[in-house]
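Structure assessment
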Amino acid sequence: MLISFFTALREAQVPVSLREYLTLCDALARDLAQKSVEDFYYLARAALVKDERNLDKFDRVFGTVFKGLEPGEDISQKANIPEDWLRKLAEKYLTDEEKKQIEALGWDKLMETLKQRLEEQKGRHQGGNKWIGTAGTSPFGAYGYHPEGIRIGQDGNRNFRAVKVWDKRDFRDLDGDEELGPRNMKLALRRLRKLARTGAAEELDLDGTISATARQGFLDLRLRPERRNAVKVLLLLDIGGSMDWHVAQVEQLFAAARCEFKHLEHFYFHNCLYEGVWKSNTRRHAEKTSTWDLLHTFPHDYKLIFVGDAAMSPYEIVMEGGSVEHMNEEPGKVWLERALACWPQAVWLNPTPETHWPYTQSIGMVQRIMENRMFPLTLEGLEAAMRELTR
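Just so you know, these numbers come straight off a predicted model, no measurement behind them. (Residues numbered from 1 in each chain as written. Predicted model: local features only at pLDDT ≥ 70, side-chain atom pairs only at ≥ 80, totals over all residues. Heavy atoms only, no water.)

This part covers the overall build of the protein chain. Within the protein chain one finds 16 helices and 13 strands. The burial tally for the protein chain puts 43% of its 391 residues in the buried class. In the protein chain, 65% of the contacts between residues at least 6 apart in sequence involve partners at least 24 apart. For the protein chain, the accessible surface area stands at approximately 22500 Å², while carbon and sulfur atoms represent 50% of it. (Helix = DSSP H or I, 4+ residues; strand = E, 2+ residues; numbered from the N terminus. Buried < 20%, exposed > 50% of the residue type's maximum accessible area, 1.4 Å probe, protein only. Contact = heavy atoms within 4.5 Å. Areas by Shrake-Rupley, 256 points an atom, 1.4 Å probe, with all protein chains shown as cover.)

Below, the structure written as structure tokens:
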């Protein structure tokens, strides 16, 4: 079993040597795993993996080789069908051909039609293609399908097609205390360091003390300010919606940034930058910061880092009122350009794999606004972004 595990790791291009394999065997002989699958996993990972880049490969191989050792679930629990599944049985599922036959109305027609429906509709509807309802092909409602619609009364994304969401949405703050897994992410951010001695003189200057003592003929202690990273960073984080898939990855970046930068300010936005940002997601509807105030508060020497998947309706970027959540007076593109004019040293970090970018129109639009300063949220992408910010 261990030999097959060893060979599977080598086939997955995890650089495991015979010496490391023998170390694992010796640890098992000493009963360090204590006959626990979980303890064996951590023991094997510590003995066989030398680089954090290979942790994901190791996990996939471990799950494949030892999946039979995981405790099984009670079959009776699997038989319990959740109530919300039963409620959604009435949802209408369409083939790709049927979806192509449903035409988008366009922004102006969509908003005009919604106003008419609100004035005319008197009751609840389900399964239709006109009224505000559920499980149909109407552009208004929940749990249905339309290429461009307004989502009303649905608990989350399903098709990522809504151009507006007619609900109050609650997001969660990123955890700045999240323990960073890949240490290399911190190392990549250190490329943006600019050390300077600022603040009170609290650190012993050993060379200065020796020189002054020799010169004076008695002990003359000299102190100096501690060297700190003088780089100032403004971090704008997309939160909610499709970014829910990337929370763990962005939390690791957020934790690393808080460790590396003394002068770090962060704010949240949703999908695109508009006239307001916020510090706390639990109070984002009550306590917003004007983006104008942001532009006039932080000087031009701040480095601006956007973090988001840039996946949204194109209307959110180029249309007045195009925001998915509110009626914005100016398009998102205008605010992005103002931010870039205020902080010329700026990059956009995208957690979506770079190979997927061409399939989302809004990503290409944001990339052009950023003048191709969009980078994937990978170790290589982080290093390239930090090099861009130090130019």
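That covers the picture; the talk isn't over yet.
In total, this model carries 10 salt bridges according to the counting rule given. The partner of Lys-50 in a salt bridge is Glu-20, with the nearest N and O atoms 3.0 Å apart. Residue Lys-50 is located in the loop between helix 3 (37-48) and helix 4 (55-65), and its partner Glu-20 is located in helix 2 (residues 18-29); the two are separated by 30 residues in the primary sequence. Here Arg-222 ties to Asp-220 by a salt bridge, and the two come within 3.1 Å at their closest N and O atoms. (Salt bridge = Lys/Arg side-chain N within 4 Å of Asp/Glu carboxyl O.)

So, on to the pairing of strand 12 (residues 346-350). Counting buried residues in strand 12 gives five out of five residues, a clear majority hidden from the surface. Side chains Ala-346, Trp-348 and Asn-350 of strand 12 all project onto a buried face; the interleaved residues Val-347 and Leu-349 project onto the opposite face, where all are buried too. Sheet topology note: the strand 11 (residues 303-307)/strand 12 ladder contains four bridges and is parallel. Bridging from a neighbouring strand, Phe-306 pairs with Trp-348 of strand 12. In terms of strand pairing, strand 12 meets strand 13 (residues 374-376) through three bridges, oriented parallel. (Pairing = 2+ DSSP bridges.)

Within the open sheet, the five strands sit side by side as 8-7-11-12-13. Their pairing is parallel. The two strands at the open ends of the sheet, each matched to only one other strand, are strand 8 (263-269) and strand 13. Adjacent strand axes in the sheet meet at a mean angle of 25° when their direction is disregarded. Where strand 7 (residues 232-238) meets strand 8, seven bridges bridge the pair, whose relative direction is parallel. Bridge pairing in strand 8 links Leu-234 to Glu-265. (Axes fitted to C-alpha atoms, helices over the stretch in contact; angles between N-to-C directions.)

Nonpolar side chains in soluble globular proteins generally cluster together in the buried interior. Grouped together as the largest cluster of nonpolar side chains are 32 residues, with contacts concentrated most on Leu-236, Phe-306, Trp-343 and Trp-348. Elements represented by at least two residues in this core include exactly strand 7, strand 8, helix 12 (291-297), strand 11, helix 14 (332-342), strand 12 and helix 15 (361-369). Per-element accounting of this core gives the leading share, five residues, to helix 14. Ignoring anything within four residues of it in the chain, the contact list for Trp-348 reads Phe-269, Phe-306, Gly-308, Ala-310, Leu-336, Val-366, Met-370, Arg-373, Met-374 and Phe-375. (Core = buried A, V, L, I, M, F, W, Y, C linked by side-chain atoms within 4.5 Å.)

On to unusual backbone geometry, then. Positive phi values are uncommon outside glycine, yet Asn-271 reaches one of about 70°. Residue class for Asn-271 comes out buried when judged on its relative accessible area of 8%.

For the protein chain, the average pLDDT comes to 78, and 67% of its residues sit at 70 or higher. The low-confidence segment residues 70-78, where pLDDT is below 50, has one contact with residues more than four positions distant or belonging to other chains. Low pLDDT, under 50, characterises residues 176-182; the predicted model gives this stretch 14 contacts beyond four residues in sequence or across chains. (pLDDT = per-residue confidence, 0-100.)

Residues Leu-204, Leu-206, Ile-210, Leu-219, Leu-221 and Leu-223 make up a contiguous nonpolar surface patch of about 640 Å² in total accessible area. Within the secondary structure, Leu-219 sits in the loop between helix 10 (206-216) and strand 6 (223-229). Owing to a relative accessible area of 65%, Leu-219 belongs among the exposed residues under this scheme. (Patch = residues over 30% accessible without salt bridge, like charges linked within 9 Å, V, L, I, M, F, W, Y side chains within 5 Å.)

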